[in-house]
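Structural description and commentary
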Amino acid sequence: NLYLTTKDYENALIALSNTGLESKEMKEAYQKVSYFRGVQLFNAVEIDKARTYFDQSLKYPVNPTFVALAHFWKAESFYKQANYKGSLTEIAAFESTPGAQALTEAANAKYNKAYSYFMLEDFASATTSFRLFLDNKKAEPRKKQDAELRLGDAYFMQSKYATAITFYNKYL
């Protein structure tokens, strides 16, 4: 607990490993601490290193919330590095984890999914994903506005000009 209170996740992981990971409780503790260390490194912009901790967290899939969160942050790490296929793979894993849609990260996952498709020039999938994102009541207003513009762009790139204009006219 001292390691967690001080956010010394690295030493907490060492202590957990030394104690042994035979019990479900120890595996769950390792899962959570690995996840927290990954987020800590992600926030310090050590993206590749963070991803290794998310992978460690996923080795012990005891708590489904932390499984979903580890997949979400792995997706974020790939997205930040412009690895959109990797991001889509992890978003799919996030979305298929029970309870993931109830997490606050679900809206961002939908947004990044749409953008990943857009960046891969899969405009039909981007259109569907941006629409699903816009249906989400928890989405940030700034991101909703951006998604509407990108939705217009995705329609434009599919030569659906009338539909694109509908979205563009919201900002004229």
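Notes on the structure in this doc start here. (Residues numbered from 1 in each chain as written. Predicted model: local features only at pLDDT ≥ 70, side-chain atom pairs only at ≥ 80, totals over all residues. Heavy atoms only, no water.)

1. Quick look at the pattern of salt bridges
If charged atoms from side chains of opposite charge come close, those side chains can pair. Tallied over the entire structure, the rule returns 11 salt bridges. For the salt bridge of Glu46 with Lys49, the shortest nitrogen-to-oxygen distance reads 3.7 Å. When salt bridges with common partners are traced through the structure, they connect Asp55, Lys74 and Glu90 into a single cluster. (Salt bridge = Lys/Arg side-chain N within 4 Å of Asp/Glu carboxyl O.)

2. Quick word on the nonpolar core
If you look at the biggest cluster of nonpolar residues, it comprises 30 residues, and the most contacted ones within it are Val33, Tyr35, Phe54, Trp73 and Phe94. Counting only elements with at least two residues in this core, the list comes to α2 (9–19), α3 (24–43), α4 (47–58), α5 (64–80), α6 (84–96) and α7 (105–119). Here this core gets 8 residues from one element, more than from any other, and that element is α5. (Core = buried A, V, L, I, M, F, W, Y, C linked by side-chain atoms within 4.5 Å. Buried < 20%, exposed > 50% of the residue type's maximum accessible area, 1.4 Å probe, protein only. Helix = DSSP H or I, 4+ residues; strand = E, 2+ residues; numbered from the N terminus.)

3. Quick word on the packing of aromatic side chains
What characterises a pair of aromatic rings is the spacing of the ring centres plus the angle enclosed by the ring planes. If you walk through the whole model with that rule in mind, you get 18 aromatic pairs. Seen from their ring centres, Tyr155 and Phe167 are 5.8 Å apart, and the 20 degrees between their planes marks the pair as stacked. Of this pair, Tyr155 sits in helix α9 (residues 141–157) while Phe167 sits in helix α10 (residues 161–168); the two residues are 12 residues apart in sequence, bridging distant segments of the chain. Summarising the burial analysis for this pair, Tyr155 and Phe167 share the class buried. (Phe/Tyr/Trp six-rings, centres within 6.5 Å; stacked < 30°, edge-to-face > 60°.)

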